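# Coordinate analysis (summary)
Below are the chains, spelled out letter by letter.
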Amino acid sequence: MKHHLQVFRAAVRMTIWDYLAQPMWPFWLTITPFAFALVAVFLYRDAPPKTFALYVVLGSGAMGMWASALGGCSFSMMQERRWGTIVYTFTTPASQLWIAAGRSLVHAVIGLMTLAEIALISVLFLGIQLTIASPVAFLLAVLLTILAFAVIGLFLNSFFMLTRSASDWQNALSRFLYVFCGVMYPISVLPDWLRPFSYVLAPTWSLKAIRLSVEPGALGNSDYLMNIGLTLLLTMVYLLLAWYLQGVTEHKLRISAELERI
Amino acid sequence: MIRQIKLLIRMSVTVFTAIYAWQRPASYLTIKFIVPFLQMSFFVYLAKFTLGPDKLAYVAIGNAVQLVAFNTLMGVAMTMAGEKWNGTLQTLLTTPANRLMIFASRALVHVLDGIAGAVIGLLYAGLFFGVSFAQTDFLALAVVLFISSLTLTGLGLIVASLSLFTRTVEPIMNTAYLLIFLLAGINFPVEQLPVWLRPLSYLIPLTYGVEAARQAIAGASLALLSSSLLIMLGLFLAEGTLGYYIFTYFERLSKRLGTLEMT
Amino acid sequence: MNVVQVQELTRIYTTTQGFLKQKKRDILAVDGVSFEVNQGELFGMLGPNGAGKTTTIKILTTLLLPTAGRALVMGHDISRESQAVRRQINVIYGGERGLYRRLTGQQNLLYTADLYGVEPPIAQKRVAELLELVGLDKRADERVENYSRGMAQRLHIARGLINDPSVIFMDEPTIGLDPEAAHFIRQRIKWLTGQGKTVFLTTHDLWEADQLCDRIAILKKGKIIALDTPRELRRLVGDVQVVEVETFGMPEEKRAGLEAALKTSFVSVATYGPKQTIAIQTQNPNEVTAQVQQLLKGVKVLNIRVREQSLEDVYLRLVQEDKS
C-alpha cells in the first residue's frame, strides 16, 4: 500500500510537471466544454439567477472536468505510446491503476478551470451571484464529483491501453456524459427510455447533491444524503470494475504484444 | 473541360481513399453517427429545459445543419494535418500540378461528406426531435445544404493554411469550428449576440445557410432563398481567394525559413 | 547461483490481417530456447534481425508472456510472479524512445524511482549519483527533448539503474550511437559487472560482444545454435585462419566462381561501394592464397593478408551455414 501511494503521488507530480511544460494544454482540453457552456449562457439568459448558477456555472465545471479527465487520460496514454515510455512503466513493479489514478485526478481538477471561466463571465458581465447555504455539504459534493469523474477516467484507462485510436472515441464519450449526467439540465427532461443511462453514472447523483447543497440544512436533508450515498456506491462499483479490467488488460497485453505498437 | 472534370473526380477518389483508408470502420461510424446524435441531444434537451418544447425544432435543425461545418471544415483542415503527418505535404507543394485542382479535389470530397453529415442530422431531427418535413421544399433544402457545404470550404482553406505554420492543426481547427458553432445562429439567433460580435457572424456563410435551411424546411422555395444563397457564394469566393493567398504566402515563407514540417 | 533460468521457452506471435476476411498468421519468434545466466555474468545474445533476441528480453522482463516453456529470473517465475521479478530487474532498450521528452532528465529519473518504490531520500541521493555516473549532472535540469541521441541513451542507462537492480537487460544499447558515445556506454556496462550485477546484453556489434561478454549465445530463427565463451566459440569452427582479400570492382561472376572453387572453405563477401572484402576461412591459408590469386586474375586486388579469425567470422559462418 505504501508503494501504491508513492506511485499515486508520483503520477500526480509527473502530470503537474507535464502541464507546466505545456501551459496551453488545459485550455485546449477544455475549449469544447467552454464553448458549449457559452451557448448555455445564451439559452439560459431569461432564467432566474439561481437556476443559471446551478446549471450553467456548475454544469460548465462538470463538463470541463469531464472533458479534461477524458482528454487528458487518453492523451497521456497516447503520449506514453508515442514516446515508448509505456513499455518501461509496464515492467516496473508500479501498478498501472495507481499511475492512472494519480493522472486522472489531476486532469479532472484541471477541468475546474472551465468553472472558473464561466463563473467569472457570469459575475462580471451578467451580475449573477451564488450563495451557498451549506458550504460543508457543497464542498463534500464537489469533491465527490471530482472523484466520480476521476474514477471514470481510471475505469477507461484499460481501454486506452488497449486501443490505439482512443482519440476517435473521445468526442463520443465526452458528449455521452454531457447528455446523460444532467450537467446543464435536470435529467427529468430526458425521455424515459434514455434515463437508465443517467442512473448508472455516478456524476448524475453528485451533481444533484451539489444543487441540493445550496439550500440550507443540506447535511440533514435525506435527499442530499441519498445522492451522496449513491455517488459513493457507484464510484466503488467503478473502482472494482476498473481494478478487474486492469488485470485482464495487462494479461491480454502480455499475450497480444500490442503495447509497443504506436 | 470534360477532361478536367474527369481528372477532378479521379483525384477526389484518390484523396478520399487515402484519407479514410487508415480509419477503422468503427471509429468512422462513431464520428459520423454517434457523435452527432449525442451532441444534438445535448442541445435539444438543453433548449427543451430552458426555452420550452416549442423551440426544439429551431435547435434541432441548427444542430443538424451545422454538421456540414463539422465535416467540411474539419475535413479540409484535417486533410492538411493528415498530409503533414504522412510527410506528403512536402511532395505535394513541390509538384507543379495545378494548385486549384488539388484544392478542388479535396474540397469536393468533403463537400459531399458534409452533405451526408447534415442529412444524417436531419434524419435524427425528424425521428427523435419532432421536426416535421411535411411542408418542406426538398429541392430548396438540397440546394441549401450543397451551397452551405461548398461555401464552408473557403473558410476551411483559411484554417488549413494557418495550420501550415503550427505544430498541430487541431487547436486552430477546433477553435474555428467552435466559433462557427457559437456565432452562426445554430442554437440561438444571431440577434442575441452582443452587437460587436455580429459582424463576425455575417462573415460565416453558414449563418445564412442555417437560416435558409430552416425556411426551406418550413416550405420556402428556391426563389425566396436566392438572395441568401448569393451572399453565401460571394463570401465563398472572397474567403477562398483569401485562403489561397494565405496558403501561397505561408508556403513561400516556410520555404524560405525551411520550417515547413514543424511536427 | 543461476540468475536467469530458461527452459524450452517458446513464443508465437499471432497477427491478423484484413478487415472482412480476417487472416490469422502465426510467427514463431522464439523456438524452445533453454539457457542459464550466472550471477555476475555478462551474458550476450547475438543473432540476425528477427532471430528472437528482443522477444527473449521482452519475455524475461515480463513485458510479454511466453507461449510455452518456463523462465525464472532471480528464482521467480516470470509468468506467475512477475511483481517479484520486476522489483529486481531493469531493462534498457537501444534508441531514444522511452523517455518523457517534455520532462527534464532529473524529473525522468525521480519519476522512475517512485515507480520502483525507491524510498524518496535514497532516490534523491541515487539520482544525483547516477546523473554523475553518466555525465549528465550538468544538464539534469534540461528537457530531454533537447538532448542529443547519445545523451538520451546515457540517461537510459541511469534510468535502468535507478532501482539498483540485480539483473539488467540491455537490448542493443549502443545502436545508432557515434563511436565516442558507444565507447562510453560500453565502459559503463563493464563497470556494472564489476559491481556484481548480472548483465544480459543483445547486440549486433560483434566486436562489442567479443570485448564485453563472458558468454555468448547465438540465436538463429528462434533457436540457439551456439552458446559458449567468445574464445571457445572461435574454436568451435575448428583451427582455421582467415585469408582476407580486398578487391576493387570485382564482377559478380568472379565472386560466384570464387565460391564454387573454394567450396571446402567458408567464403563471405562484404561490399563497401566499389570495394569488396572477401574473407575466406580455411585450414590451409597458403594454398588458398595462391588459389585466390589465380582466380582473381584481371581483378584489381588491393591487399591480401592472413589473419586470426574474429568472432565476426565465426558468427557469419554459424549464421549463414546451412541456409535451410
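See the structure shown above.
An account of the accompanying structure is given in this report.

## Notes on the overall build of chain B
- If you tally the helices and strands in chain B, you get eleven helices and zero strands.
- From first element to last, N terminus to C terminus, chain B shows the α and β order α-α-α-α-α-α-α-α-α-α-α.
- By residue count, 54% of the 263 residues in chain B fall in the buried class.
- Taking contacts inside chain B between residues at least 6 apart in sequence as the whole, the part at least 24 apart equals 81%.
- Summed over all atoms, the accessible surface of chain B reaches about 11,700 Å², with 71% contributed by carbon and sulfur.

## Details of the interface of chain B and chain A
- If you look at the interface, chain B gives 29 residues, while chain A gives 34 residues.
- When chain B packs against chain A, close to 3,000 Å² is buried across both sides, 79% of that on carbon and sulfur atoms.
- Together, Phe42(B), Tyr45(B) and Phe49(B) form the three largest contributors to the area buried by chain B at its contact with chain A, with a combined 21%.
- For the pair chain B and chain A, the interface holds zero salt bridges.

## Topic: the pattern of salt bridges
Residue and element names in this part refer to chain C.
- All told, the structure shown has 21 salt bridges over all chains when counted by the stated rule.
- A salt bridge links Arg-70 to Asp-77, with the nearest nitrogen and oxygen atoms 3.7 Å apart.
- In this structure, the salt-bridge partner of Arg-307 is Glu-244, at a minimum N-O distance of 2.8 Å. Taken together, the residues span a long stretch of sequence, with Arg-307 in strand E14 (residues 300–308) and Glu-244 in strand E11 (residues 241–248) at a distance of 63 residues. Taken as a pair, Arg-307 and Glu-244 share a single burial class, namely buried.
- Within the structure, one salt-bridge network assembled from shared partners comprises Arg-70, Asp-77 and Arg-80.

## Some remarks on the sheet that holds strand E3 (residues 42–46) of chain C
Residue and element names in this part refer to chain C.
- Spatial ordering of the open sheet is given by E6-E7-E8-E3-E9-E10, a layout of six strands whose pairing is mixed. With one partner strand each, in any of the chains shown, strand E6 (89–93) and strand E10 (223–228) form the two edges of the open sheet. This sheet shows a mean twist of 15° between the axes of neighbouring strands, independent of strand direction.
- Relative to strand E9 (residues 215–220), E3 runs parallel, the two being bridged by four bridges. Counted as the bridge partner of Phe-43 is Arg-215 from E9.
- The sheet strands contacting helix H11 (residues 311–320) are E3, E9 and E10, and the helix crosses E9 at an angle near 30°.

## A short note on the sheet that holds strand E12 (residues 266–272) of chain C
Residues and elements named next belong to chain C.
- Ordered in space as E12-E13-E11-E14, the four strands form an open sheet in which the pairing is antiparallel. Single-partner strands in this sheet number two, and they are E12 and E14. Ignoring which end each strand starts from, the neighbouring axes of this sheet average 15° apart.
- Where E11 lies against strand E13 (residues 275–282), eight bridges are found, and the strand directions are antiparallel. Bridging across to E13, Phe-248 finds its partner in Lys-275.
- Set on the sheet, helix H10 (residues 285–295) makes contact with E11, E13 and E14; between it and E11 the angle comes to about 20°.

## With respect to the packing of helix H4 (residues 49–83) of chain A against helix H9 (residues 166–180) of chain A
Residue and element names in this part refer to chain A.
- Between H4 and H9, the least distance of the axes is 10 Å, while the angle of their chain directions is 160°. As the angle between them shows, H4 and H9 are arranged roughly antiparallel. Here H4 and H9 pass one another in a crossing that is right-handed. Within the contact between the two elements, H4 uses Met-63, Trp-66, Ala-67, Leu-70, Gly-71 and Ser-74 and H9 uses Ala-166, Gln-170, Leu-173, Ser-174, Leu-177 and Tyr-178.

## Focus: the nonpolar core
- Among the nonpolar cores identified, the biggest contains 177 residues, and Tyr185(A), Phe42(B), Leu206(B) and Phe35(C) are the most heavily contacted of them.
- Setting aside chain neighbours within four positions, we find Tyr185(A) in contact with Tyr44(A), Tyr55(A), Tyr178(A), Val179(A), Leu190(A), Ser41(B), Phe42(B), Tyr45(B), Leu46(B) and Phe49(B).
- By size, the runner-up hydrophobic cluster in this structure holds 62 residues, among which are Leu115(C), Val118(C), Ala181(C) and Tyr315(C).

## Section: a nonpolar patch on the surface
- Taken together, Trp193(A), Val119(B), Leu123(B), Leu127(B) and Phe128(B) make up a surface patch of nonpolar side chains, about 560 Å² in accessible area.
- Turning to its location among the elements, Phe128(B) is positioned in helix H6 (residues 99–128).

## Some thoughts on the packing of aromatic side chains
- Applying the stated rule across the entire model yields 41 aromatic pairs over all chains.
- Taking the centre distance of 5.4 Å and the plane angle of 40° together, the rings of Phe169(C) and Phe200(C) count as tilted. Within this pair, whereas Phe169(C) is found in strand E7 (residues 167–171), its partner Phe200(C) is found in strand E8 (residues 198–202), the two being separated by 31 residues in sequence.
- The class of Phe169(C) is buried, set by a relative accessible area of 0%.
- Given the relative accessible area of 1%, Phe200(C) is considered buried.
- The rings of Phe36(A), Tyr178(A), Tyr185(A), Phe37(B), Phe42(B), Phe43(B), Tyr45(B), Tyr124(B), Phe128(B), Phe129(B), Tyr177(B) and Phe181(B) are connected pair by pair, giving a single aromatic cluster.

## Re the interface of chain A and chain C
- Taken together, the contact between chain A and chain C spans 39 residues of the former and 38 residues of the latter.
- Taken as a group, Trp83(A), Tyr88(A) and Arg254(A) account for 26% of the area that chain A buries against chain C, more than any other trio of residues on that side.
- Between the two partners, chain A and chain C, sit three salt bridges.
- The salt bridge involving Asp18(A) is made with Arg102(C); its shortest N-O contact spans 3.8 Å.
- For the pair chain A and chain C, the interface holds 22 residue pairs in polar contact (both at pLDDT 80 or more).
- Among the secondary structure elements, those contributing two or more residues to the side of chain A that touches chain C are helix H1 (2–21), H4, helix H5 (85–90) and helix H12 (222–256) of chain A.
- In terms of residue count, the dominant contributor to the side of chain A that touches chain C is H1(A) (twelve residues).

## Thoughts on the side chain of Thr61(C)
- Structurally, Thr61(C) is set in the loop between helix H1 (53–60) and strand E4 (68–73).
- Polar contacts involving the side chain of Thr61(C) include one to the main-chain carbonyl oxygen of Ile57(C), which spans 2.8 Å.
- Leave out the neighbours within four places in its chain, and Thr61(C) touches Thr91(A), Ile89(C), Val91(C), Tyr93(C) and Phe169(C).

## Focus on helix H6 (residues 96–110) of chain A
Residues and elements named next belong to chain A.
- In this model, H6 (15 residues) spans 21 Å end to end at C-alpha, consistent with the 21 Å of a helix rising 1.5 Å per residue.
- When you tally the buried positions in H6, you get eleven out of 15 residues, the bulk of the element.
- Taken together, the buried positions of H6 are occupied by Gln-96, Leu-97, Ile-99, Ala-100, Ala-101, Gly-102, Arg-103, Ser-104, Val-106, His-107 and Ala-108.
- Here H6 starts with a cap whose side-chain oxygen sits 3.1 Å from the backbone nitrogen of Leu-97, and that cap is Ser-95.

## What to know about the pairing of E4(C)
All names here are of chain C.
- In this structure, E4 lies alongside strand E5 (residues 76–77), joined through two bridges in antiparallel fashion. Within the sheet, the bridge partner assigned to Val-73 lies in E5 and is His-76.
- The antiparallel pairing of E4 with E5 creates a hairpin that spans two residues between the two strands, and Met-74 there sits at a positive phi of about 50°.

## So, the state of the cysteines
Residues and elements named next belong to chain A.
- Inspection of the entire model under this criterion finds zero disulfides over all chains.
- No disulfide involves Cys-181; its sulfur sits 16 Å from the nearest other cysteine sulfur, which is in Cys-73.
- By relative accessible area, Cys-181 is classed as buried at 1%.

## What about the pairing of E3(C)?
Residue and element names in this part refer to chain C.
- By the criterion of burial, E3 is predominantly enclosed, with five of the five residues buried.
- By the bridge criterion, four bridges tie E3 to E8 in an arrangement that is parallel. The residue bridging Met-45 from the neighbouring strand is Thr-202, located in E8.

Cut-offs used in this document
- In this numbering scheme, every chain counts its residues from 1 along its sequence in written order.
- Written order decides the labels, with chains lettered from A and ligands numbered from 1.
- Restriction of local features to residues with pLDDT of at least 70 applies here, the model being predicted, together with a cutoff of 80 or more for giving and counting side-chain atom pairs; totals for whole chains, interfaces and linings are based on all residues.
- Hydrogens and water are ignored here; the side-chain numbers use all heavy atoms of the structure.
- Here a helix means four or more residues in a row that DSSP labels H or I, a strand means two or more in a row labelled E, and each is numbered from the N terminus.
- Note on exposure labels: buried denotes an accessible area under 20% of the residue type's maximum, exposed denotes more than 50%, and partly exposed covers the range between, all computed with a 1.4 Å probe on protein chains only.
- The criterion used for residue contact is that any of the two residues' heavy atoms lie within 4.5 Å.
- The Shrake-Rupley method, run with a 1.4 Å probe sphere, supplies the accessible areas, and residue values consider only the shown protein chains as cover.
- Accessible area, probed at 1.4 Å, shrinks when two parts are joined; the buried area is that loss added up over both.
- Salt bridge criterion: a side-chain nitrogen from Lys or Arg within 4 Å of a carboxyl oxygen from Asp or Glu.
- For two strands to count as paired, DSSP must find a minimum of two bridges between them.
- Fitted lines through C-alpha atoms serve as axes, helices being fitted only where they are in contact, and the angles separating the N-to-C directions of these axes extend from 0 to 180 degrees.
- Angles are sorted into four bins: roughly parallel if under 35 degrees, roughly antiparallel if over 145, roughly perpendicular if 65 to 115, and oblique for all others.
- Crossings are sorted by hand: turned counterclockwise from the far helix by less than a right angle, the near helix makes the crossing left-handed, and turned clockwise it makes it right-handed.
- Residues belong to one nonpolar core when they are buried, are Ala, Val, Leu, Ile, Met, Phe, Trp, Tyr or Cys, and are joined through side-chain atoms within 4.5 Å.
- Only residues whose relative accessible area exceeds 30% and that form no salt bridge enter a patch; like-charged residues are grouped when within 9 Å of one another, and nonpolar side chains (Val, Leu, Ile, Met, Phe, Trp, Tyr) when within 5 Å.
- Classification of ring pairs uses Phe, Tyr and Trp, with its six-membered ring standing for Trp, and accepts pairs whose centres are within 6.5 Å; under 30 degrees between planes counts as stacked, over 60 as edge-to-face, and the remaining range as tilted.
- Two N or O atoms form a polar contact when they lie within 3.5 Å of each other; inside protein one atom must be a possible hydrogen donor and the other a possible acceptor, and for residues adjacent in sequence the pair counts only when both atoms belong to side chains.
- A helix is expected to reach a length of 1.5 Å times the quantity of its residues less one.
- Note on terminology: pairs of cysteine sulfur atoms within 2.5 Å are recorded as disulfides.

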